[in-house]
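# An overview of the molecular structure
Chain by chain, the residues run as shown.
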Amino acid sequence: MGLEQFERRLERLVEGAFAKAFRGQLQPVELGRRLTREMDLHRAVGVRGVIAPNHFDIYLATADFERFESFGDVLNRELVEAVREHATGERYLFLGPIEIVIHEDPDLSVSTFAIESAVAEEEGATKDWLVLPDGQRVGITDEAVTIGRLPECAVVLEDANVSRRHAQLRREGKSVVLVDLGSTNGTKVNGVVVRERRLAPGDTITVGTTTMRFESA
């Protein structure tokens, strides 16, 4: 669906001010098709789902690069949107923002092009999450995440079996540690009562009658 929308938008663009630039030449929609193919070919299964490339380098022959240069910003926005829409349709995840860079390559013949893709993580991006029963995701950063009934807790649970300040998630280096804060009914990881536990992706955390899941990229 995303690629079809992209094609329609690019058709309107080509029919307008840039029609002459594309007559019998490399069409922008060809770039869009190849980008979505790159995503499909280089996708990978992660803890949270299927992760797709989000950084793309497009290499064009000099003549094509010069023709595209006059409306490069518009084309780049449309290509980014095509990538985003394809990811939504396929339920792909990105680890950072979508980036597309178009380069000139004098070694390429007219109407030929090359694309290189990569998964690029956003610097400082959240990599660990606490997934609540309703599917809401709470990012775990350097600041401790407190779970309890008090309004000031990062994760507030309306569960009579949960203490006011029940447990806390703390980052220690690259790991996340769950610490029970002296709760009345205890804290469990994968069904086992713990006082403190270094978490692994997929671990379930139970406080009171509420069960959550720890996920990591």
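Refer to the structure printed above.
Residues numbered from 1 in each chain as written. Predicted model: local features only at pLDDT ≥ 70, side-chain atom pairs only at ≥ 80, totals over all residues. Heavy atoms only, no water.

Quick look at the side chain of Gln168 now. Assignment of secondary structure puts Gln168 in strand E11 (residues 167-172). Judged by its relative accessible area of 11%, Gln168 is buried. Here the side chain of Gln168 touches Arg170 through a polar contact of 2.7 Å, side chain to side chain. Setting aside its immediate chain neighbours within four residues, Gln168 contacts Ala144, Val145, Thr146, Val177, Leu178, Val179 and Leu181. (Helix = DSSP H or I, 4+ residues; strand = E, 2+ residues; numbered from the N terminus. Buried < 20%, exposed > 50% of the residue type's maximum accessible area, 1.4 Å probe, protein only. Polar contact = N/O pair within 3.5 Å; in protein donor to acceptor, adjacent residues only side chain to side chain. Contact = heavy atoms within 4.5 Å.)

To continue, consider the sheet that holds strand E12 (residues 175-180). Here we have 5 strands laid out as an open sheet, ordered E10-E9-E11-E12-E15, and mixed in their pairing. A single partner strand is all that each edge strand has here, and the edge strands are strand E10 (155-156) and strand E15 (196-198). As judged from the 6 bridges shared by E11 and E12, these two strands associate in the antiparallel manner. By the bridge assignment for E12, Ala167 is matched with Asp180. (Pairing = 2+ DSSP bridges.)

This structure, assessed with the given rule, holds 7 salt bridges. Between Arg171 and Asp128 there is a salt bridge, with the nearest N and O atoms lying 2.6 Å from each other. Separated by 43 residues along the polypeptide, Arg171 in strand E11 and Asp128 in strand E7 (residues 128-131) bring together distant segments of the chain. For Asp128, a relative accessible area of 4% gives the class buried. Across the pair Glu215 and Arg213 runs a salt bridge, and its minimum N-O distance is 2.6 Å. (Salt bridge = Lys/Arg side-chain N within 4 Å of Asp/Glu carboxyl O.)

Generally speaking, soluble globular proteins have nonpolar side chains that are buried together. One finds Leu31, Leu35, Ile58, Leu60 and Ile100 to be the most contacted residues of the largest nonpolar core, which totals 21 residues. Counting only elements with at least two residues in this core, the list comes to helix H3 (28-41), strand E3 (55-60), helix H4 (62-69), helix H5 (72-90) and strand E6 (113-118). A total of 5 residues in this core trace back to one element, the largest contributor, which is H5. Within the second largest apolar cluster, 20 residues are counted, among which are Ile147, Leu157, Val162 and Met212. (Core = buried A, V, L, I, M, F, W, Y, C linked by side-chain atoms within 4.5 Å.)

What follows deals with the sheet that holds strand E13 (residues 187-189). Taking strand neighbours across the sheet as the criterion, the 6 strands line up as E8-E7-E17-E16-E13-E14 in an open arrangement whose pairing is antiparallel. The sheet terminates laterally at strand E8 (137-139) and strand E14 (192-194), the two strands that pair on one side only. Between one strand axis and the next, the sheet turns by 30 degrees as a mean value, whatever way the strands run. In this structure, E13 lies alongside E14, joined through 3 bridges in antiparallel fashion. (Axes fitted to C-alpha atoms, helices over the stretch in contact; angles between N-to-C directions.)

The end-to-end C-alpha distance of H3, which contains 14 residues, comes to 20 Å, matching closely the 20 Å that a straight helix rising 1.5 Å per residue would cover. Inspection of H3 places Pro28, Val29, Leu31, Gly32, Leu35, Thr36, Glu38 and Met39 among the buried residues, and these make up the whole buried set. (Expected span 1.5 Å × (residues − 1).)

As a further point, take the pairing of strand E16 (residues 204-207). Successive side chains on a regular strand alternate, one facing one side of the sheet and the next facing the other. Strand direction decides the pairing type here: E13 and E16, joined by 3 bridges, are antiparallel. When the sheet's bridge partners are listed, Thr187 is paired in E16 with Val207. Pairing of E16 with strand E17 (residues 210-216), which is carried by 4 bridges, proceeds in the antiparallel orientation. For Val207, the partnering residue across the bridge sits in E17 and is Thr210. Once E16 ends, the chain turns through 2 residues before running back antiparallel as E17, passing Gly208 with a positive phi of about 60 degrees.

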